[in-house]
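Structural description and commentary
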Amino acid sequence: MKSYPTRAIALLGAALLTATVAACSAGSGTSGGSSPGGDQSLTIGLVAEPASLDFTTTDGAAIPQVLLGNVYNGLVKQDESGKIVPDLAKSWTVSPDRKTYTFELVDNAKFTNGAGFTAADAVFSINRVKTAWTTSLKAAMDVVQEAKAVSPTQLQVTLTKPSNGWLFRMTTRVGAMFSQTGVEKLASDPVGTGPYKFGSWKRGDSIVLQRNDAYWGTKPFFNQVTLKYFKDPTALNNALLTGTINVVGTVQAPEALTQFTSNTKYQVIEGTTNGEVVLSFNNSRPVFKDIRVRQAIRQAIDHKALLDTCFAGRGKLIGSMVPPTDPWYEDLTSVAPFDKAKATAELKAAGATGATLRLRLPTLPYATSCGQVVKSQLEQVGLKVTIDQLEFPAAWLTTVFKNADYDMSIIAHVEPRDLGAVFNAKYYTRYDDPTLVSLLAAADAGDEAAQTDNMKKAARRISEQAAADWLYLIPNLVVADKNLTGLPTNAITESFDLTRLARS
Amino acid sequence: MILRLVERTAVLLVSLAVASVLVFGFMAVLPGDPARVALGVNASDEAVAQLRQQFGLDRSLATQYVDWLGGLLQGDFGTSYVSKVAIGPQIADRFQVTLWLVVTAMIVALVLAAPAGTVMAARHRRISGLALSALSQLGVAVPAFLAGILLIMVFAVKLGWLPANGWTPPAEDPGMFLKQLVLPALSLGLVQGAVLTRYVRSAVLDVLREDYLRTARAKGLRPFPALWRHGLRNAAVPVVTVLGLQLATLLIGAVVVERVFVIPGLGSLLLDGVSNRDLLLVQDVVMVLVVAVLVVNFLVDLLYVALDPRLRVSR
């Protein structure tokens, strides 16, 4: 479990209102791409503004959304289809015991403070996670025994045990490469090797990124990209309608999409994310110890109707904790098909008819609207559901997440590959299942085929055991000016990929 | 006069002291731990404890309060828990923005209310007065954010005359600054203006019934000159009181309107601070708002004296 670094749900802060996650670059910096568009600029409207620019000490998805892939590079990154591809590492090999990774690094990358990127910087960055990071994400590096610069362009990392999870985590913010001489002012002046350099930050309003003319890969098309923050979804849409911004990075209210789909000035992009909206059960509560109760709840919910009501029918039904972009995805919606009669009978057999469940919701729009549907559907099969709302993030985090003082809740888990992190005896789901633990351990230690095979089994296991119910997968919904290209379809990494944007 | 000044100043100081205790107390009982929000929920208890110590949250509440107040008195607002940036300059920055908004809205409200209220009073039995009166009732009923949304729909989205939202500092681009200021200032100002109109109307009506005005009319002055020369100053006293109160409402209204128009003012700083549990920042912003409101009320008290010579004599 350790290699699935438990992470913040602040992540969900991320989720903040929907997926802040955004896609990553398929086109690596060194391949293809468009020629720079002179001094053209672009403005993108987003929802959650970072509280700081330092993701080593402040949690939340808004910071890597801006900086990762755009200002910072990692050794590796995840492409839009979910594959791990080169970034600052041109290639890498894994030793037969799967414990030693040798990375060949690019030799022409430079930090924006002028220093060249070498294996020593990589060693520094990896070690720094253990020593200087304070967020819980730092656990991702616990498995590293030693990082060593063999030559300026060769890095060797030795793990204490084989871990597929580690390489994957290197595609996230934990794998960001910092300059040994550029970590003084991370909160206000980040220094990276990416295609953009940090320009300015008007707090409460916007962040400006400038094209990094010294970038080692293909330089971005736009000279300047402004990320403008809107707390109010209507204001965000209005800004696009009136030309203040060119892109709505994350559509908050899918019912508002019609004003764009019917207008030829705009394009609407719909893809997938890592954001599973989970109806979580507190598995330590006596009523949820009985698998029949958990299964009955899953079968009592008409997921199609729920999605239509609470997210305007956008999004995907998944049936487990795996999004379609992960290699071990299987459609598991048939494990617990909607069947009111069966659910009622199961509850009766378990002696749970008439039981009262407390559904404690975070004050997020999707949770509030889905909560109402869940309540009404569960009451149709003989359960009593009381809803209370907890302010998100602080109150919800303390009550539900930290203290597990709840029966059921609804929250989007937006972190990539988070099955093991979420279904875990220590997590707020309080899901204690040795079978799952051993499947996950085997997946982490094995080769690619073994990983895929065991992860499939794990996904099926939690679905069959009804460890929770998966309401739907949040769609990646982006609206943009018609002539913009290079916007990611799927938003499955922590970064909003600005590297391939261009105007046709 | 002096006595009154001393008395009002004493009231101001006591109110400020009480307010500071209340603001601090509310923050202390607010659920949610700022250190945990900053570190992410899976942070170990040791890491959280360490950060709490760094923030000084492990000290006794009394010590924290005294330190905070002492800092404020010396102009030191402290450092934000979340962004690690000094809070004082941030508040100063955002306050300017909100001040533009509030002052412009106030001017809109006054420019609207003074003539409209006077006309409504002078013609309160005629159609024109009644029509204005009905219109102002409507204005009173509409909350500022709704007015904002409606204005955006009409003037920004449909007609495209003005930007829907955003903020540009006046020094950067004065033209854009004015364009972006129009709609938010109107949505705050129109609503406040409607409320103020009611007060102007009743104040003028009261004055119209006074003996001295009848005397002025009897001397041969036409109704409006009589009101202008003898009535307005008298009618101004209650209106100024309301203006003072309205300034407080405007500051609160600005919090909501700033959100609708995406303006980086004090209101949005406050909302961000609350959701990030940046408690010190919230505490400071609320305190600044409280001070602003109390000081305005204090000034209004003094203004009465200037307007009404009777108050200058000791009671």
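Quantities reported herein were computed from a predicted structural model and do not represent experimental measurements. Starting from 1, residues in each chain are numbered consecutively following that chain's sequence as written. Each chain takes a letter, starting from A, and each ligand takes a number, starting from 1, following the order in which they are written. Predicted model: local features are reported for residues with pLDDT of at least 70 only, side-chain atom pairs are reported and counted for 80 or more only, and whole-chain, interface and lining totals are derived from all residues. The side-chain quantities take in all heavy atoms of the structure and omit both hydrogens and water.

Section: the overall build of chain A
Each helix is a run of H or I in the DSSP string that is no shorter than four residues. Each strand is a run of E no shorter than two, and both are numbered from the N terminus. The helix and strand tally for chain A stands at 15 helices and 18 strands. Relative to its length of 504 residues, chain A is compact, with a C-alpha radius of gyration of 23 Å against a globular reference of 23 Å. Across its three principal axes, chain A shows a C-alpha extent of roughly 70 × 55 × 35 Å. Expressed as a percentage of contacts within chain A between residues at least 6 apart in sequence, the contacts between residues at least 24 apart total 74%. Only four residue types enter the tally: Lys and Arg on the positive side, Asp and Glu on the negative side; His and the chain ends are excluded. For this purpose, a charge sits on NZ of Lys, CZ of Arg, CG of Asp or CD of Glu. Treating the 50 positive side-chain charges of chain A as one cloud and the 47 negative ones as another, the clouds have centres 2 Å apart. Taken over C-alpha atoms, the radius of gyration is set against a globule rule of 2.2 Å times the number of residues to the power 0.38. Contacts between residues were defined by any pair of non-hydrogen atoms, one from each residue, lying within 4.5 Å.

So, the overall build of chain B
Broken down by element type, chain B carries 12 helices and zero strands. Along chain B, helices and strands appear, N-terminal first, in the series α-α-α-α-α-α-α-α-α-α-α-α. Across its three principal directions, the C-alpha atoms of chain B cover 85 × 60 × 35 Å. Residue exposure (1.4 Å probe, protein chains only): buried if accessible area is under 20% of the type maximum, exposed if over 50%, otherwise partly exposed. Split into buried and exposed, the 315 residues of chain B put 46% on the buried side. Residue pairs at least 24 apart in sequence account for 71% of intrachain contacts in chain B once pairs closer than 6 positions are excluded. Methods summary: accessible areas were calculated by the Shrake-Rupley approach with a probe of 1.4 Å, and residue burial reflects only the protein chains presented. Carbon and sulfur atoms form 69% of the exposed surface of chain B, whose accessible area is close to 15800 Å². Averaging the coordinates of the 26 positive side-chain charges in chain B and doing the same for the 19 negative ones gives two points 20 Å apart.

What to know about the pairing of strand S8 (residues 196–202) of chain A
Residues and elements named next belong to chain A. Here six bridges tie S8 to strand S9 (residues 206–211), and the two strands are oriented antiparallel to one another. The residue of S9 that forms the bridge with tyrosine 196 is arginine 211. Hairpin remark: S8 followed by S9, antiparallel, with three residues in the connecting loop; positive phi at glycine 204, about 85 degrees. When DSSP finds two or more bridges between a pair of strands, those strands are recorded as paired.

A word on a nonpolar patch on the surface
Residue and element names in this part refer to chain B. Nonpolar side chains (Val, Leu, Ile, Met, Phe, Trp, Tyr) are joined into patches within 5 Å and like charges within 9 Å, using only residues with over 30% relative accessible area and no salt bridge. For this analysis, a salt bridge means a side-chain nitrogen from Lys or Arg found within 4 Å of a carboxyl oxygen belonging to Asp or Glu. Where nonpolar side chains cluster on the molecular surface, the patch consists of Phe145, Leu146, Ile149, Leu150, Met153, Val154, Leu159, Trp161 and Val256 and spans about 810 Å² of accessible area. At six residues, helix H7 (residues 144–158) tops the list of elements feeding residues into the nonpolar patch. With respect to the secondary-structure elements, methionine 153 resides in helix H7.

Overview of the sheet that holds strand S7 (residues 154–159) of chain A
All names here are of chain A. The antiparallel open sheet is built from four strands, whose spatial order is S4-S5-S7-S6. Looking at strand neighbours, the two that pair on one side only are strand S4 (89–94) and strand S6 (144–151), the edges of this open sheet. Strand-to-strand twist in this sheet, taken as the mean axis angle between neighbours without regard to direction, amounts to 20 degrees. Where S4 and strand S5 (residues 100–105) come together, five bridges link them in antiparallel fashion. Across the sheet, the residue bridging to threonine 93 is threonine 102, located in S5. Against the sheet, helix H3 (residues 119–131) touches S5, S6 and S7, its axis set at about 165 degrees to S6. Axis definition: a line fitted to C-alpha atoms, over the contacting stretch in the case of helices. Angles run 0 to 180 degrees between N-to-C directions.

As for the interface of chain A and chain B
If you look at the interface, chain A gives 39 residues, while chain B gives 36 residues. Take the accessible area each of two parts loses on contact, using a 1.4 Å probe, and add the two losses: that sum is the buried area. Around 2800 Å² of area is buried between chain A and chain B when both sides are counted, 57% of it from carbon and sulfur atoms. Linking chain A to chain B there are one salt bridge. Here lysine 231 of chain A and aspartate 272 of chain B are joined by a salt bridge, their closest N and O atoms 3.0 Å apart.

Focus on the packing of helix H9 (residues 211–218) of chain B against helix H10 (residues 223–260) of chain B
Residues and elements named next belong to chain B. Running from N to C, H9 and H10 point in directions that differ by 155 degrees, and their axes come no closer than 9 Å. Considering the angle they form, H9 stands roughly antiparallel to H10. Between H9 and H10 lies a crossing of right-handed hand. Contact residues: Tyr212, Leu213, Ala216 and Arg217 in H9; Pro223, Ala226, Leu227, His230, Gly231 and Asn234 in H10. When the residues that make up the contact of H9 with H10 are grouped by side-chain class, the tally is six nonpolar, three polar and one charged. The scheme is simple: roughly parallel for angles under 35 degrees, roughly antiparallel for over 145, roughly perpendicular for 65 to 115, oblique for anything else. Each crossing gets its handedness from the near helix: less than a right angle anticlockwise from the far helix is left-handed, clockwise is right-handed. Gly falls in the polar group here, along with every residue not listed as nonpolar (Ala, Val, Leu, Ile, Met, Phe, Trp, Tyr, Cys, Pro) or charged (Asp, Glu, Lys, Arg).

With respect to the packing of aromatic side chains
Centres within 6.5 Å are what make two rings of Phe, Tyr or Trp a pair, Trp counting through its six-membered ring; a difference in plane orientation under 30 degrees is then read as stacked, over 60 as edge-to-face, and the rest as tilted. As enumerated under the stated definition, the model contains 30 aromatic pairs over all chains in all. Seen from their ring centres, tryptophan 167 of chain B and phenylalanine 177 of chain B are 5.5 Å apart, and the 85 degrees between their planes marks the pair as edge-to-face. Of the two residues, tryptophan 167 of chain B is situated in the loop between H7 and helix H8 (174–208) and phenylalanine 177 of chain B in helix H8; the sequence distance between them amounts to 10 residues. Residue tryptophan 167 of chain B is classed as buried on the basis of its relative accessible area of 8%. For phenylalanine 177 of chain B, a relative accessible area of 5% gives the class buried. A connected cluster of aromatic rings, assembled from ring pairs, spans Phe392, Trp396, Phe401, Tyr406, Tyr427 and Tyr428 of chain A.

Comments concerning the confidence of the model for chain B
Residues and elements named next belong to chain B. On a scale of 0 to 100, pLDDT captures the predictor's confidence in every residue. Per-residue confidence for chain B gives a mean pLDDT of 84, with 97% of residues at or over 70. Element-level mean pLDDT values for chain B span from 73 in helix H2 (residues 34–39) up to 89 in helix H4 (residues 61–73). As a predicted assembly, this complex carries a pTM of 0.81 together with an ipTM value of 0.75.

Let's talk about the state of the cysteines
Residues and elements named next belong to chain A. When two cysteine sulfur atoms are found within 2.5 Å, that pair is recorded as a disulfide. With the rule as written, the count across this model stands at one disulfide over all chains. Paired by a disulfide, cysteine 310 and cysteine 370 hold their sulfur atoms 2.3 Å apart. The sign of the S-S torsion, about 70 degrees, decides the handedness of the disulfide formed by cysteine 310 and cysteine 370: right-handed. Here cysteine 310 is found in helix H9 (residues 303–311), whereas its partner cysteine 370 is found in helix H11 (residues 365–379), with 60 residues between them in sequence. Look at cysteine 310 and you get buried, because its relative accessible area is 7%.

Some remarks on the confidence of the model for chain A
All names here are of chain A. Taken as a whole, chain A shows an average pLDDT of 89; of its residues, 93% reach a score of 70 or greater. For chain A, per-element mean pLDDT is lowest for helix H1 (residues 10–15), which scores 37, and highest for S5, which scores 97. pLDDT under 50 marks residues 1–34. Its contacts with residues more than four places away, or in other chains, come to 144 contacts.

So, the pattern of salt bridges
The final tally for this structure, using the stated rule, is 26 salt bridges over all chains. Here aspartate 205 of chain A makes a salt bridge to lysine 228 of chain A, at a shortest N to O gap of 2.9 Å. Separated by 23 residues along the polypeptide, aspartate 205 of chain A in the loop between S8 and S9 and lysine 228 of chain A in strand S10 (residues 224–229) bring together distant segments of the chain. As far as burial versus exposure is concerned, aspartate 205 of chain A and lysine 228 of chain A are alike and both buried. Salt-bridge contacts for aspartate 67 of chain B lead to arginine 59 of chain B; the nearest nitrogen and oxygen are separated by 2.5 Å. Exposure remark for aspartate 67 of chain B: the relative accessible area of 43% places this residue in the partly exposed category. Given a relative accessible area of 34%, arginine 59 of chain B falls into the partly exposed group.

Details of the side chain of asparagine 212 of chain A
All names here are of chain A. Its location among the elements puts asparagine 212 in the loop between S9 and S10. For asparagine 212, the side chain forms a polar contact with the main-chain oxygen of glycine 194, separated by 2.9 Å. Residues in contact with asparagine 212, not counting those within four places in the same chain, are Thr112, Thr193, Gly194, Pro195, Tyr196, Lys197 and Lys219. Each polar contact in these results corresponds to two N or O atoms within 3.5 Å; when the atoms are within protein, one needs to be able to donate a hydrogen and the other to accept it, and residues that are neighboring in sequence are counted only if both atoms are side-chain atoms.

Thoughts on unusual backbone geometry
One non-glycine residue, arginine 430 of chain A, lies in positive phi territory at about 50 degrees. Take arginine 430 of chain A: it is sitting in the loop between helix H13 (419–422) and helix H14 (434–445). Note on arginine 430 of chain A: relative accessible area 26%, which makes it partly exposed. Non-glycine residue valine 262 of chain B carries a positive phi angle of around 50 degrees.

A few points about the environment of glycine 166 of chain B
Considering the arrangement of structural elements, one finds glycine 166 of chain B in the loop between H7 and H8. Between the C-alpha atoms of glycine 166 of chain B and alanine 17 of chain B, which are 149 residues apart in sequence, the distance is 37 Å. Contacts of glycine 166 of chain B, omitting those with residues within four sequence positions, involve Lys228 of chain A together with Gln180, Phe261, Val262 and Ile263 of chain B.

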